[in-house]
Amino acid sequence: MVGPKKKREIDLGVVIGKIRMKNPITVASGTFGCGEELEELTELGKLGAIVTKTVTKRAREGNRPPRIAETASGMLNSIGLENGGIDRFIADKMPYLRNIGIPVIVSIGGERGNEFIELAERLDETDGVSGIEVNISCPNLEGKGQGLFSQDAKLTYGLVKKIKKATSLTVITKLTPNVTDITKIAKAACDAGSDALSLVNTYTGMAVNIHTRRPRLGNITGGLSGPAIKPLALKAVWDVYNSVDIPIIGMGGVATTEDAIEFIICGATAVALGSTNFVYPNKYVEIIDGLAYHIKSNKMVNMNALTGSLKVRKR
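Quick notes on the rules
Residues numbered from 1 in each chain as written. Predicted model: local features only at pLDDT ≥ 70, side-chain atom pairs only at ≥ 80, totals over all residues. Heavy atoms only, no water. Pairing = 2+ DSSP bridges. Helix = DSSP H or I, 4+ residues; strand = E, 2+ residues; numbered from the N terminus. Contact = heavy atoms within 4.5 Å. Axes fitted to C-alpha atoms, helices over the stretch in contact; angles between N-to-C directions. Buried < 20%, exposed > 50% of the residue type's maximum accessible area, 1.4 Å probe, protein only. Salt bridge = Lys/Arg side-chain N within 4 Å of Asp/Glu carboxyl O.

### A short note on the sheet that holds strand β4 (residues 50–51)
- One open sheet accounts for eight strands, arranged β3-β16-β15-β10-β9-β8-β7-β4; its pairing is parallel. With one partner strand each, in any of the chains shown, β3 (25–27) and β4 form the two edges of the open sheet.
- Relative to strand β7 (residues 104–108), β4 runs parallel, the two being bridged by two bridges. Bridged to Ile50 within β7 is Val104.
- Its contacts with the sheet place helix α5 (residues 230–241) against β10 (196–199) and β15 (248–251), and it is angled at close to 165° to β15.

### Structural notes on helix α4 (residues 182–191)
- By the criterion of burial, α4 is predominantly enclosed, with seven of the ten residues buried.
- For α4, the full list of buried residues reads Ile182, Thr183, Ile185, Ala186, Ala188, Ala189 and Cys190.
- Looking at the buried positions of α4, the neighbouring elements they touch are α3 (153–166), β9 (170–174), β10 and α5.
- Count one or two residues on from α4 and you reach Gly193, which has phi positive near 105°.

### Considerations on the pattern of salt bridges
- For the structure shown, the criterion picks out twelve salt bridges.
- One salt bridge connects Glu43 with Lys46, and the closest N-O pair in it is separated by 3.4 Å.
- Here Glu115 and Arg58 are joined by a salt bridge, their closest N and O atoms 3.2 Å apart. Note that Glu115 is positioned in helix α2 (residues 113–124) and Arg58 in the loop between β4 and β5 (68–71), a separation of 57 residues in sequence.
- Here the salt bridges do not stand alone but share partners, grouping Lys230, Asp259 and Glu262 into one network.

This is a description of form; function is not addressed.
Below, the structure is given as structure tokens:
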């Protein structure tokens with residue numbers, strides 16, 4: 001007599017450095033606060049991990065308003081990393097984050113390399129932190145002019161190398177797409193020991209009010225996110241996936257299950273939701289369920305069969 005068929009279990013778990021996520025869905029830094037702000041609207045414990053708003057050494061007031069402007073299929077923002085600084089973050093935010101029950105990835109930013117190092121050292125000693133996302137898409141005052149660390153491969157390598165020495169936490173380097181060749185920066189971060197990469201950050205853009213003839217943002221330009229940038233972000237993830245051998249957290253216009261799956265097929269190990277959180281902060285629950293259905297209906301048992309599975313025709 002043949003017994004009942006054993007139910008096939010679906011494993012959505014992924015690994016980013018030392019971080020084990022129960023599913024590959026997280027949130028983009030700056031779009032979800034530290035979770036507490038949205039707890040009444042969302043089921044935080046269902047996320048694979050939470051990435052906090054970027055924290056800096058000292059408190060920052062941020063840029064002049066207006067800071068957000070809607071665009072066609074997207075959104076411009078120029079927040080300016082407003083936050084209360086690392087001391088307040090550890091005292092006021094970490095007690096809450098520790099109790100969510102999922103990995104906590106703290107985004108850090110700075111104007112100089114030593115600020116990143118100090119932040120990494122502080123968080124290395126903080127209970128409940130699983131990893132740090134190094135937001136090198138921040139103004140850099142150490143190089144020539146007012147560029148970004150992530151626009152210079154040499155600066156990226158040197159900074160990531162120092163951060164890796166300063167912490168035992170998983171280090172995820174967040175890259176800007178505003179470069180000629182993102183793979184060069186990705187390779188530099190990988191060679192310096194970064195455990196993973198996060199991409200892409202926003203594309204620089206602007207919007208104008210034709211009636212006042214003024215910029216719609218107080219800072220004139222800002223970062224473009226949302227569905228408008230998804231094709232560009234997918235291309236960046238695919239290019240980087242074929243250039244390095246460390247995990248990628250992909251993002252840029254993810255609003256549906258299909259969007260998330262596209263990023264995974266192009267090489268992302270995990271996927272972060274950003275602008276969609278402002279419209280539908282509980283969207284990730286639907287996407288996680290949809291991803292599980294896709295894996296099951298395609299007779300896969302885990303995420304490995306999907307990651308980087310893009311089929312490219314040979315010429």
